[in-house]
Amino acid sequence: MALSCGIVGLPNVGKSTIFNALTRSAQALAANYPFATIEPNVGEVPVPDERLKVLSDIVSARRIVNATMRFVDIAGLVRGASSGAGLGNAFLSHIRETDAVAMVVRCFVDDDVTHVEGGPDPLRDVEIINIEMALADLATLAKRVDKLEREARVNPKLAPTLEAAKRLRSALEEGRPARAFEPGSPERELARESFLLTGKPLLYVANVDEEQIGNPGPLARQIFDLAEREGSRALAFCGKIEAELAGLTEDEAQTFRQELGIDTSGLDQLILKAYDMLGLMTFLTAGEIEVRAWTIDKGTKAPQAAGKIHSDIERGFIRAEIVSYDDYARLRTMEAIKAAGLLRSEGKDYIMAEGDVVNFRFNV
């Protein structure tokens, strides 16, 4: 199952518009009133990868298969969501089921678009969402700490886990999210096991208007400064324009982007940042039937990567014949690659690299 990124934020900040642009659909109702989205909308989105077309041309493949990501459009959160305001408990549970969070923040002024807090204030809006998620996490941790305290009396080995839970609780009470702890720490592991909202990787999406394309204004810069202070990620994104671009053919969209001075699709940037945020990477296979991108976690070894194609290949793994994409694109034939000594044979301990073009050898 593809990993998922939840699109969250206050009502009327452009979440559903962005979701519809990502999925090239009108699946989510985009309306100028709070709670236009009640149940989450889910869409599978191809991960953009220009390498696939290049490989397809080289091997004359009959089809191209991109890697995919799942995005979830979650209803807007408001003050008091953690105590049930605006159906907040249900909406927070939808965030809990995702693997990462893209927080959409309105960074433009438009009197025709209602703002539940009276007007856009990016730092205030982020704080509202963060507080509600932290309060939900504190409620989760309170139950976990109570249970651990009881169990630790019987099993002293649980004492370190109990202490980690208490440190996590203290951090949340001080306004620090669970993701602030080091990856691999007991606190981060506990946050993952407990599905804490503030433990999920976070991407800020500053939703700007047309005038800020290529030059984000003061409101958007507040979000970039915040992300830098936190060590988080951020990007500026004009949901309205991207939604218009998503309805055009690729040639039409390219012409429109040139007129607007847009070098790279905002949608592509959003997808790729979310993909990287989830700790994902891609290896490639190329043949006459298809050229395909396969998604794996960073740090995956060759046999486990082979298992993404089929479990039989992982069980019977012998070796992986690998060439880097750059070498394949430059030399274009396997004969030339072999002659240059650039086809590598890797064993079970090989850690896959981004853009490896692979042929797995295995016993049936």
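Residues numbered from 1 in each chain as written. Predicted model: local features only at pLDDT ≥ 70, side-chain atom pairs only at ≥ 80, totals over all residues. Heavy atoms only, no water.

Chemist: Help me understand the packing of helix α1 (residues 15–23) against helix α10 (residues 266–277), please; the structure alone is not making it clear to me.
Modeler: Helix-helix packing is characterised by the crossing angle of the two axes and by the distance between the axes. Between α1 and α10, the least distance of the axes is 10 Å, while the angle of their chain directions is 90°. By the angle between their axes, α1 is roughly perpendicular relative to α10. Taking contact as the criterion, the partners of Ile 18, Ala 21 and Leu 22 in α1 are, on α10, Leu 267, Leu 270 and Ile 271. Looking at the contact of α1 with α10 residue by residue, the class counts come to 6 nonpolar, no polar and no charged. (Axes fitted to C-alpha atoms, helices over the stretch in contact; angles between N-to-C directions. Helix = DSSP H or I, 4+ residues; strand = E, 2+ residues; numbered from the N terminus. Parallel < 35°, antiparallel > 145°, perpendicular 65-115°, else oblique. Contact = heavy atoms within 4.5 Å. Nonpolar A, V, L, I, M, F, W, Y, C, P; charged D, E, K, R; others polar.)

Chemist: What should I look at first to understand unusual backbone geometry in this one?
Modeler: Only a minority of non-glycine residues have a phi that is not negative, and only a minority of peptide bonds are not trans. Look at Ser 60: it is not a glycine, yet its phi comes out positive at around 55°. One can find Ser 60 in the loop between α2 (51–59) and β3 (64–65). Its identity is not glycine, yet Arg 332 carries a phi of approximately 75°, on the positive side. Tracing the backbone through its elements, the reader meets Arg 332 in the loop between α13 (325–331) and α14 (334–339).

Chemist: Help me understand the environment of Glu 244 in this model?
Modeler: Along the chain, Glu 244 turns up in helix α8 (residues 239–246). For the pair Glu 244 and Thr 17, spaced 227 residues apart in sequence, the C-alpha separation works out to 10.0 Å.

Chemist: How should the packing of aromatic side chains be read in this particular structure?
Modeler: Each aromatic ring pair is specified by the distance between its two centres and by the angle formed by the two planes. One pass over the full model with this rule turns up 3 aromatic pairs. Ring geometry for Phe 283 and Trp 294: centres 6.3 Å apart, planes at 15°, overall stacked. Taken as a pair, Phe 283 in strand β8 (residues 280–286) and Trp 294 in strand β9 (residues 291–297) lie far apart in primary sequence, 11 residues in all. The interplanar angle of 85° and the centroid separation of 5.9 Å between the aromatic rings of Phe 283 and Phe 360 together place this pair among those described as edge-to-face. Placement of Phe 283 in strand β8 and of Phe 360 in strand β12 (residues 356–362) is noted, with a sequence separation of 77 residues between them. No difference in accessibility class separates Phe 283 from Phe 360, as the two residues are buried. Clustering of aromatic rings is evident, with ring pairs tying together Phe 283, Trp 294, Phe 317 and Phe 360. When the ring centre of Tyr 325 is taken as origin, the NZ or CZ atom of Arg 51, which lies over that ring, is 6.0 Å away. (Phe/Tyr/Trp six-rings, centres within 6.5 Å; stacked < 30°, edge-to-face > 60°. Buried < 20%, exposed > 50% of the residue type's maximum accessible area, 1.4 Å probe, protein only. Lys NZ or Arg CZ within 6 Å of the ring centre and 35° of its normal.)

Chemist: Would you mind showing me how to read the nonpolar core here?
Modeler: Nonpolar side chains tend toward joint burial in soluble globular proteins. Membership of the largest hydrophobic core comes to 73 residues, with the highest contact counts inside it found for Leu 22, Phe 71, Ile 95, Met 103, Tyr 204 and Val 205. Residues contacting Tyr 204, with those up to four places away along its chain left out, are Met 103, Val 126, Asn 130, Ile 223, Leu 226, Ala 227, Glu 230, Ser 232, Arg 233, Ala 234 and Leu 235. Grouped together as the second largest cluster of nonpolar side chains are 16 residues, Ala 134, Leu 138, Ala 152 and Leu 190 included. (Core = buried A, V, L, I, M, F, W, Y, C linked by side-chain atoms within 4.5 Å.)

Chemist: What's the story with the pairing of strand β10 (residues 317–324) in this structure? I'm lost.
Modeler: As a general feature of sheets, a regular strand has side chains that alternate between the two faces. The pairing of β10 with β12 spans 7 bridges and is antiparallel. In the strand pairing of β12, Ile 322 is matched with Val 358. Bridge count between β10 and strand β11 (residues 344–346): 3 bridges; the pairing is antiparallel. Looking across to β11, one finds that Glu 321 is bridged to Ser 345. (Pairing = 2+ DSSP bridges.)

Chemist: Explain the side chain of Thr 285 here, please?
Modeler: Position of Thr 285 relative to the elements: it lies in strand β8. Note on Thr 285: relative accessible area 13%, which makes it buried. In this structure Thr 285 touches Glu 290, Val 291, Arg 292, Trp 294, Ile 309 and Val 358, once residues within four positions along its chain are discounted.

Chemist: What should I look at first to understand the side chain of Thr 198 in this one?
Modeler: Locating Thr 198 in the fold gives a position in the loop between α6 (186–193) and β6 (202–207). In this structure the side chain of Thr 198 is engaged in a polar contact, spanning 3.1 Å, whose partner is the backbone nitrogen of Ala 178. Those residues in contact with Thr 198, other than ones at most four positions away along the chain, are Met 133, Ala 134, Asp 137, Leu 172, Pro 177, Ala 178 and Arg 179. (Polar contact = N/O pair within 3.5 Å; in protein donor to acceptor, adjacent residues only side chain to side chain.)

Chemist: Looking at this structure, I do not really get the pattern of salt bridges. What am I missing?
Modeler: Pairs may arise between side chains of opposite charge once their charged atoms sit close together. Applying the stated criterion across every chain, the model contains 22 salt bridges. Across the pair Asp 327 and Arg 330 runs a salt bridge, and its minimum N-O distance is 3.0 Å. Taken together, the residues span about one helical turn, with Asp 327 and Arg 330 both in helix α13 at a distance of 3 residues. For Asp 327, a relative accessible area of 18% translates into the label buried. Among the salt bridges present, the one from Glu 346 reaches Arg 344, with a minimum N-O distance of 3.0 Å. Salt bridges here are not isolated pairs; linked through shared partners, they connect Asp 49, Arg 51 and Glu 354. (Salt bridge = Lys/Arg side-chain N within 4 Å of Asp/Glu carboxyl O.)

Chemist: What is the right way to read the sheet that holds strand β5 (residues 100–106) from this model?
Modeler: In a beta sheet, neighbouring strands pair by backbone hydrogen bonds and run either parallel or antiparallel. If you trace the 6 strands from one edge of the open sheet to the other, you get β2-β4-β1-β5-β6-β7, paired in mixed fashion. The open sheet is flanked by β2 (41–46) and β7 (233–237), the only strands paired with a single partner. If you compare each strand with its neighbour and ignore which way they point, the axes differ by 25° on average. As paired strands, strand β1 (residues 4–8) and β5 are joined by 4 bridges and run parallel to one another. Counted as the bridge partner of Ile 7 is Ala 102 from β5. Against the sheet, α10 touches β1, β2, β4 (68–73), β5, β6 and β7, its axis set at about 165° to β7.

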